[in-house]
Amino acid sequence: MARDCRLDALLKSYEPIAVALSGGTDSSVLLANAWRHGIRAVGISVDTGLTPPGELAAARELSDRLGIPHVVIPVDMLDITAVRENRPDRCYVCKRVMMEAIITEAERQGCRTVVDGTHADDSLRTRPGIRALRELGIRSPFAECGMGKEDIEALAGKLGISVRPPSACLATRIPTGDAVTRECLALVGAAEALLAREIPGTIRVRCTDGCRASIEADPAHHQRLERLLGAVKELGFSDVVIAPEGYRQGGADSWKR
């Protein structure tokens, strides 16, 4: 409870705020908490072309439900060389471009501070985009008051926010150095959407060696997954395999190694 109170006071000190709203659990809880305490807020999302299916729709639905203004900014990340070529600094470059767009829109909306859902369990090792947040002066209230993933999920329950499986941009499904193409992104998005309808929990479809898919899911569901391999391959993959160890954080590079 003490952490909740500190979070509320912190948000109040930043208002009016613009919440960088991805549609995931963390930023959704941040926006809903601001609404619960009467903090002036706007939700701003960026449509990068790399967003997993359903996230922008979730951001829009939440904003509508709360009656909070919501702006979606289109930014084609594949126009950016570092992203398109999937260079090692892709995540940093992408985050910086996104946040610069959000800052510009926040100023237009009359907001004083941009906040995001980065929390105390995140690190530069797993989320290199954090460096861009620091450089641009984005505030991360959860991290600032020591709230980690468990704290956020507990607060989600109080606010009536559904806890969504962990997500990440679709480019993380492709190994560093392999070009990010619209065709591969479309295949991955379609495959993950298909599997999510049948299998609970975190699912990743890694796209390597051109159009070969490696599916990561809880091993407890591998038997059900076996029955879906044909449907996934029919989407356009050259081959489809199941990663025996299940989901591993670190993107497609963890599987390639």
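Placed above this text is the structure.
Since this is a predicted model, take the numbers as computed values, not measurements. (Residues numbered from 1 in each chain as written. Predicted model: local features only at pLDDT ≥ 70, side-chain atom pairs only at ≥ 80, totals over all residues. Heavy atoms only, no water.)

Visitor: Which residues make up the overall build of the protein chain, and what are the values?
Guide: Across its full length, the protein chain carries 12 helices and 7 strands. Over its C-alpha atoms the protein chain spans a radius of gyration of 18 Å, differing by no more than 12% from the 18 Å that the globule rule assigns to 257 residues. Projected onto its principal axes, the C-alpha positions of the protein chain cover 55 × 40 × 30 Å. Scored against the burial criterion, the 257 residues of the protein chain give a buried share of 51%. Accessible surface, the protein chain: about 11900 Å² in total, of which carbon and sulfur atoms supply 50%. (Helix = DSSP H or I, 4+ residues; strand = E, 2+ residues; numbered from the N terminus. Rg over C-alpha atoms; globule rule 2.2 N^0.38 Å. Buried < 20%, exposed > 50% of the residue type's maximum accessible area, 1.4 Å probe, protein only. Areas by Shrake-Rupley, 256 points an atom, 1.4 Å probe, with all protein chains shown as cover.)

Visitor: Help me get a handle on unusual backbone geometry, residues and values and all.
Guide: Residue glutamate 15 is joined to proline 16 through a cis peptide bond whose omega torsion reads -5°. Among the structural elements, proline 16 can be located in the loop between helix H1 (2-14) and strand S1 (17-20). Positive phi outside glycine occurs at asparagine 86, with the angle close to 55°.

Visitor: Describe the side chain of aspartate 122, naming the residues involved and giving the relevant values.
Guide: Counting through the fold element by element, aspartate 122 comes out in the loop between strand S4 (113-115) and helix H6 (130-136). Only 3.0 Å separates the side chain of aspartate 122 from the backbone nitrogen of histidine 119, close enough to count as a polar contact. A distance of 2.7 Å separates a polar atom in the side chain of aspartate 122 from a polar atom in the side chain of arginine 127. In contact with aspartate 122, other than residues within four places in its own chain, are Arg127 and Ile130. (Polar contact = N/O pair within 3.5 Å; in protein donor to acceptor, adjacent residues only side chain to side chain. Contact = heavy atoms within 4.5 Å.)

Visitor: With reference to specific residues and values, describe the nonpolar core.
Guide: By size, the foremost hydrophobic cluster in this structure holds 52 residues, and its most contacted members are Leu50, Leu195, Ile215, Val232 and Phe237. When sequence neighbours within four positions are dropped, the list of residues in contact with isoleucine 215 reads Leu195, Ile203, Arg204, Val205, Leu225, Leu229, Val232, Val240, Val241, Ile242 and Ala243. Judged by nonpolar contacts, the second largest core, of 27 residues, contains Leu10, Leu30, Leu31 and Met147. (Core = buried A, V, L, I, M, F, W, Y, C linked by side-chain atoms within 4.5 Å.)

Visitor: How would you summarise the pairing of strand S5 (residues 204-208) if you had to cite specific residues and measurements?
Guide: Within a regular strand, side chains alternate between the sheet's two faces. Of all 5 residues that make up S5, 5 are buried, and the element is covered over most of its length. When S5 meets strand S6 (residues 212-216), the two strands line up antiparallel, connected through 5 bridges. Along S6, the bridge assignment pairs arginine 204 with glutamate 216. Between S5 and S6, which pair antiparallel in sequence order, lie 3 residues; one of them, aspartate 209, sits at a positive phi of approximately 50°. (Pairing = 2+ DSSP bridges.)

Visitor: Give a description of the side chain of glutamate 15 that names residues and reports values.
Guide: Looking at the element boundaries, glutamate 15 is found in the loop between H1 and S1. Given a relative accessible area of 11%, glutamate 15 falls into the buried group. Among the polar contacts listed, one links the side chain of glutamate 15 to the backbone nitrogen of arginine 40, at a separation of 2.8 Å. When sequence neighbours within four positions are dropped, the list of residues in contact with glutamate 15 reads Gly38, Ile39, Arg40 and Arg112.

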